[in-house]
Structures are given as C-alpha cells and as structure tokens.
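Observations on chain architecture
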Amino acid sequence: METKTKITGAQALMHSMVLEGVDTIFGYPGGAIMPVFDALYDFDKQLNHILTRHEQGAMHAAQGYARVSGKVGVCLVTSGPAATNTITGIGDALMDSTPLVVITGQVGSALLGTDAFQEIDVVGITQPITKWAYQIRRAEDIAWAVARAFYIARSGRPGPVVLDFAKNAQLAEIDFDYKPCTFIRSYMPIPEVNPDQLALAAQLINQAQKPFALVGQGVVLANAETELKEFLEKANIPAAWTLLGASAMATDFPLNKGFLGMHGNVGPNMKTNECDVLIAIGMRFDDRVTGDLNTYAKQAKIIHLDIDPSEIGKNVKPDAPVLGNVKETLPEITQMLHHATHQAWINSFTEFEVLEFDKVIQREVHPTTGEITMGEVIRKVSEASENKAVLVTDVGQNQMMAARYFNFSEKRSMVTSGGLGTMGFGLPAAIGAKMAAPQRTVCTFCGDGGFQMTIQELGTIMQEHIGVKMIILNNHFLGMVRQWQEMFFDERYSFTEMQNPDFIAIAKAYRIDGTEVRKREELDAAIADMLKDDKPYLLVVNVEKKGMVYPMVPAGTCVTNILLGD
C-alpha cells in the first residue's frame, strides 16, 4: 500500500484518506480549508462529501456514521468559528468512545500567533477532549499524521482525534509516500491480558449462586455480541444493558432482563443490590447506572472487563479486574465456566417484571384513554419496522422512553448521546446512521426542543435525499427538565414551556413529506405512511403535555430507591 508521486498537501490528504478506507466525509467549506475542498473536487468517485448546514451537524452525523458502520467517522471544516463549532461533537465522541478524525483548517504557519482572521488555538482547545490533537504545519508530515490519527482513533478504546491543518501545508508540493500506522511506541491500545485475573473471574462466576452481568457499549465496539451470548448462555447468567449497550443483545434474548439505570427496568436495578457476583462487561459504572456509590452492590464480588485501564477502579473497585478487549477476554473466561442453571435466580426477576408492567408499562404502552403517550408511539414504530430499524434518539424524555420501549433484533441499532447528553444530537446523527446503512430503516425520535437545536439539517436531508424517518414527540415542553421541576422544584416550571412552529410546514419548505397526529386513532395509519418507502419523512405526534418517565431512581440515591409514579 505504497505510492510515490509529487502532489500538493491537500491532495496528499485525499489520497491518505482513501488509503485508510474512508468513503464518506461530513463537512462545511471555508477559507482556511479551501485548498482541501478543491482537491476533494477530483475525488468525488472515491469520497462522498455530505454538506451539512452547520459544523456541529457534521460532527453528529460523523458520529452516527461511525456508530452504525463501525468505521472511523470523518469531519472536515475550516478554521476559527468552524473549528469551535465542532467542540460539542468532539466532547460527545470522547465521552461515548466514538472513533472520529476531525480535520480543521488553520491559517498559514507564518501567521500563527498573530491573531490572524479566523485563527484559533485548535490544539489547545481540543487536547483535553481528544485522544490526540496535532497541528500539521508542513506538507511532509501529512501522510504520517493521517496514518497516526486513524490508528489512534480506531484502536483500543476508540475516540476522537483532531488534525489542525495549516493552509501553507495544504498548498505545498511533496513526494507522497503513505505507510499505514500499526504501532506507536508510547501507546498501548490493548493492554496485556493477565491469565490469573481471567481464572479468578471464572472461579467467582462458577461459585456464584446469583450472578448478574451488566452489558455496556464495549461489547458493541468490540463486535463481541456473539461472544457475549455464548458467555451468558453457558453459565445461564441474566444480563441487563446500559444506554449505550442497547442492541448488544436482542430484546427477546431469554437472558436479557432489560435496561439499567435511572430510568431503567425495576428488576435489573433491584437485582444489582441482591446478586452475589456482578460482572461488568465493557461499561464504566457511570453515575446514572450506579446512583449512590456508597450503597451500590456492596454485597457482591465485582468482576470488571474493560479495555481501558483508567476505568478499572475509577468508580467501583473490582475483585477481579480483567483488562483487555472483551472479544478476546470473554471467550477465555467462557472456556473455564461450568454449565449452570441458576433458574430460581432468573425466575426471581419475574415479580419485578410483573410489578413494572402493572404500574408503568401498561399505562405507557397500551393506554386506551387520554392523550397519546410517548411509549405507545415508540412501541408502535418499533413493531411497524419489525424491530429491525436503527434507533437514533435526541436527549431527554424521548431518549429514555425510546430506550425503554424500542425493541432490537439486530446489532448496532442504537445511536444516542450518552455521556455528554447533547440536545440536538438526534437529527444529524440519524443522517450519518442512514449513510452508514442505507439498506436499513433509520428512525430518530426527538423532542420538540432538541429537534429545533439542529433543525437546519433538514437542508442536508433535502439536498442528499436521505431517507431518515423523523418522529417528533411534541409535548410543548422541555420535558425532562419539566419532570424534574415537577418532582423536585415544587412545580415551578421556569422557562420550560415552549411555543412551537408548524413543523410540518417547515418540512414542506424543505420538500420533505410529513403529517401531524393529534388523535390516537390516526397514529397507526400515519406510521404506516411514514414507513411505506425509503423517502425522508417527518411525523409529529402531539403527546401528553405532562408525561413522566417512570420508573425513576432520583439522582444520587440508592439504585433500589425506585419511584413508579402514582
């Protein structure tokens, strides 16, 4: 994979990306990156550039593309405000371990430090929220920097990398010689596996009477869904998933006991503080899952499988820390496991499933009177798509409801902003998800607030004819904030009620079909109309204005302190 010829730095960047397997780029041109976009003009058959309407939109689209495809997402923007507009997406990608290479334009090297037009210290700003940030000042460094960037972004625990590309380096001519990066002396993306810890983990599981597995996004990132299934089935271990671990197990997998955390299912939260061995697989024990750490799983032996040494012991101290890629460590442990039943333990989840269905799910998913609920819309869309669609969410009540009530049958089917919780994520991320999997149905659920944060990306959908199915769950409130105001701030609804535009009229202006649903009897037909073809479609459903997401574990309390509503 070597080629040598004299070309410009901008052309070298194009060739480098092609050699790294890039096929799709999301971006927005401008002055300091113009030579690169000029070079891109000649690569239209190899590199598909999607012109978004805002740089943050490009970032979230690249994230959606990366999450569904498993490849590195690429974002290309100019300097100054364009670069600073990428910051939210970069931070989001770091928190959620999404592999990205973000290329920003920069003023020429001779102007650096002069406060030149649209100059900003991109490396200084992004270093704390990237795996690596580097400024390319010489054309001779381009191939080396790009190879290194893609290797760092995709290897180990994935994450974002920034290349700040000075304009003089884009224009200078060089002899191009590209070598992929496979090793960096100071960087160990996959830690060495300790056989003793594997054996200890297997021993603890074999001795367990009440083992319980917590499945995180590490399983998805490692493409270890099959290995996870074999591990759980051999020892008959019930499992639950984090928000980003959704779709690592099919919804109807018998050992799948549901969603963990603040708005998760009752059984998984209760059983966390009852199990005798807790097996955390590719998850980071974030506060929305653990609640009060002083009361979290104190009765259990903790096994923690993770690729990132910094996560081991950060929040919960493990008895058996298993470092390594879970695609490799899970099978090693599975080989040492005894076949087990644990049937009484598994059956003990049933009482909580019945309780939650009676107190929460029945009302939310199967209402017969009153206003339309979020849960019934989500479940109907899921079932109408035969539970095969890619789910993309925004942030807030729509996100938690979608995680609870959308069903999964295929892997890499959940795209959402977990760690950073970025409103406005859903619409552009759905664009990237559809570009990554054009053969799949992509449904994005947004609140009326989040949708308006990146509503301009309807222009991207229009121009590129991207068949995203957009569902706005319209309650005329910033719903999650309103829920907290109702529960914890004496119903003082401070600046959370929203007067919204005619979303369907806006979609029509972008030549996108859509319909608005106000009555329950209109819902099924509207969903069928939305899913009848692969064209973009906006479905606005007016849902109950003061709906609540239950169950709920109040922030900072014990995971068993679960509120079920009225």
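Residues numbered from 1 in each chain as written. Predicted model: local features only at pLDDT ≥ 70, side-chain atom pairs only at ≥ 80, totals over all residues. Heavy atoms only, no water.

What to know about the overall build of the chain
Each helix and strand counted, the chain has 24 helices and 20 strands in total. Its C-alpha atoms give the chain a radius of gyration of 24 Å, near enough to 24 Å, the size a compact globule of 566 residues would have. Taken along its principal axes, the extent of the C-alpha atoms in the chain is 70 × 60 × 40 Å. Classification of the 566 residues of the chain by burial places 59% in the buried group. Nonlocal contacts in the chain, meaning residues at least 24 apart in sequence, comprise 77% of its contacts between residues at least 6 apart. Counting every atom, the chain has about 22600 Å² of accessible surface; 51% of that belongs to carbon and sulfur. On the chain, the mean spot of the 49 positive side-chain charges and the mean spot of the 65 negative ones are 1 Å from each other. (Helix = DSSP H or I, 4+ residues; strand = E, 2+ residues; numbered from the N terminus. Rg over C-alpha atoms; globule rule 2.2 N^0.38 Å. Buried < 20%, exposed > 50% of the residue type's maximum accessible area, 1.4 Å probe, protein only. Contact = heavy atoms within 4.5 Å. Areas by Shrake-Rupley, 256 points an atom, 1.4 Å probe, with all protein chains shown as cover. Lys, Arg positive; Asp, Glu negative; His and termini not counted. Charge placed at Lys NZ, Arg CZ, Asp CG, Glu CD.)

Observations concerning helix 9 (residues 195–207)
Helical periodicity: at 3.6 residues per turn, an α-helix aligns residues three or four positions apart in one direction. In this model, helix 9 (13 residues) spans 18 Å end to end at C-alpha, consistent with the 18 Å of a helix rising 1.5 Å per residue. Taken residue by residue, helix 9 has Leu198, Ala201, Ala202, Leu204 and Ile205 as its buried positions. For helix 9, the arc enclosing every buried residue in end-on projection is 160 degrees, short of the 170-degree limit, so these residues lie on one face. Facing away from the buried side of helix 9 by over 90 degrees, the exposed positions are Pro195 and Asp196. Among the structural elements, helix 11 (225–235), strand 12 (277–281), strand 13 (301–306), strand 14 (320–323) and helix 14 (326–336) are those in contact with the buried residues of helix 9. The backbone nitrogen of Asp196 lies 2.9 Å from a side-chain oxygen of the residue at the head of helix 9, namely Asn194. (Expected span 1.5 Å × (residues − 1). Arc of directions from axis to C-beta. Polar contact = N/O pair within 3.5 Å; in protein donor to acceptor, adjacent residues only side chain to side chain.)

Topic: empty space enclosed by the protein
Any space left empty among the atoms is revealed by the rolling of a water-sized probe across them. Scanning the entire structure with this criterion turns up two cavities of 30 Å³ or more. Taken together, Arg67, Gln217, Val220, Leu221, Leu244, Ala246, Ser247, Arg412, Ser413 and Met414 make up the full set of residues lining the largest cavity. Broken down by element, the lining of the largest cavity gets its largest block of residues, three residues, from helix 10 (residues 217–221). Class assignment for the residues of the lining of the largest cavity results in five nonpolar, three polar and two charged. (1 Å grid on protein atoms, 1.4 Å probe; cavity = no way out; pocket = protein on both sides within 12 Å on 5 of 7 lines; lining within 4 Å. Points joined across faces, edges and corners; volume = space filled by probe spheres on them. Nonpolar A, V, L, I, M, F, W, Y, C, P; charged D, E, K, R; others polar.)

A closer look at the pairing of strand 4 (residues 73–77)
When a strand is regular, its side chains alternate between the sheet's two faces. Within strand 4, five of the five residues are buried, leaving the element largely enclosed by the surrounding structure. Residues Gly73, Cys75 and Val77 line one face of strand 4 and the alternating positions Val74 and Leu76 line the opposite face, and both faces are buried. Inspection of the sheet shows strand 2 (residues 24–27) paired to strand 4 by two bridges, in the parallel sense. In the sheet register, Phe26 faces strand 4, and the bridge partner there is Cys75. Of the strand pairs in this sheet, strand 4 and strand 5 (residues 100–106) are connected by five bridges, and their pairing is parallel. Of the residues in strand 5, the one forming a bridge with Cys75 is Val102. (Pairing = 2+ DSSP bridges.)

Points about the state of the cysteines
All told, the structure shown has zero disulfides when counted by the stated rule. Looking at Cys558, it has no disulfide partner, and the nearest cysteine sulfur is the one in Cys275, 12 Å off. (Disulfide = S-S within 2.5 Å.)

Description of the sheet that holds strand 17 (residues 442–447)
The strand order across the open sheet formed by six strands is 16-15-17-18-20-19, and the pairing between neighbours is parallel. Edge positions in the sheet fall to strand 16 (414–415) and strand 19 (513–517), since each of these pairs with one other strand and no more. Sheet analysis places strand 18 (residues 469–474) next to strand 20 (residues 537–542), joined by six bridges and oriented parallel. Bridge pairing in strand 20 places Ile471 opposite Leu539. Across the sheet, helix 18 (residues 397–405) touches strand 15 (390–393), strand 16, strand 17 and strand 18, and the angle it forms with strand 15 is around 155 degrees. (Axes fitted to C-alpha atoms, helices over the stretch in contact; angles between N-to-C directions.)

Here's the deal with the sheet that holds strand 3 (residues 48–51)
Taken together, the six strands give an open sheet; going across it, the order is 3-2-4-5-7-6, and neighbouring strands pair in parallel fashion. On the outer flanks of this sheet lie strand 3 and strand 6 (132–136), each paired with one strand and no other. Across the sheet, the axes of successive neighbouring strands diverge by a mean angle of 20 degrees, strand direction being ignored. Packed onto the sheet, helix 3 (residues 55–69) meets strand 2, strand 4 and strand 5 and runs at close to 165 degrees relative to strand 4. Strands strand 4, strand 5, strand 6 and strand 7 (160–166) of the sheet are contacted by helix 7 (residues 142–154), whose axis makes an angle of about 170 degrees with strand 6.

Examining the domain arrangement of the chain
Interfaces are often sized by the accessible area lost when the parts come together. According to the domain assignment, the chain consists of domain 1 (2–178), domain 2 (195–350) and domain 3 (371–542). Spacing between the C-alpha centres of domain 2 and domain 3 amounts to 31 Å. With 18 residues of domain 2 at the interface, the matching set in domain 3 holds 19 residues. For the pair domain 2 and domain 3, the two sides together bury roughly 1500 Å², of which 61% comes from carbon and sulfur. For the domain 2 face of the interface with domain 3, the top three residues by lost area are Leu243, Ser247 and His263, together amounting to 38%. Linking domain 2 with domain 3 are zero salt bridges. Class assignment for the residues of the side of domain 2 that touches domain 3 results in nine nonpolar, six polar and three charged. (Domains from an automatic or database assignment. Buried area = accessible area lost by both parts, 1.4 Å probe. Salt bridge = Lys/Arg side-chain N within 4 Å of Asp/Glu carboxyl O.)

Overview of the environment of Arg440
Looking at the element boundaries, Arg440 is found in the loop between helix 19 (426–436) and strand 17. Since its relative accessible area comes to 12%, Arg440 is described here as buried. Distance in space between the C-alpha atoms of Arg440 and Ser97 is 23 Å, their sequence separation being 343 residues. Excluding residues within four positions of it along the chain, Arg440 makes contact with Lys388, Ala389, Val390, Glu410, Lys411, Arg412, Ser413 and Lys434. Looking at Arg440, its side chain comes within polar contact range of the side chain of Ser413, at 2.7 Å.

Examining the packing of aromatic side chains
Overall, the coordinates contain 15 aromatic pairs when judged by the stated rule. For the pair Trp241 and Phe259, a centre-to-centre distance of 4.9 Å together with 15 degrees between the ring planes defines the contact as stacked. One end of the pair, Trp241, is in strand 10 (residues 239–241); the other, Phe259, is in strand 11 (residues 256–259), and 18 residues separate them in sequence. Seen from their ring centres, Phe285 and Tyr296 are 6.0 Å apart, and the 80 degrees between their planes marks the pair as edge-to-face. Residue Phe285 is found in the loop between strand 12 and helix 13 (287–290), and its partner Tyr296 is found in the loop between helix 13 and strand 13; the two are separated by eleven residues along the sequence. Each member of the pair, Phe285 as well as Tyr296, carries the same accessibility label: buried. Here the aromatic cluster, defined as three or more aromatic residues joined through ring pairs, consists of Trp132, Tyr134 and Trp144. Arg148 extends its terminal NZ or CZ atom over the ring of Trp132, reaching a point 5.1 Å from the ring centre. The residue whose ring lies beneath Arg482 is Phe477, and the NZ or CZ to ring-centre distance is 5.8 Å. (Phe/Tyr/Trp six-rings, centres within 6.5 Å; stacked < 30°, edge-to-face > 60°. Lys NZ or Arg CZ within 6 Å of the ring centre and 35° of its normal.)

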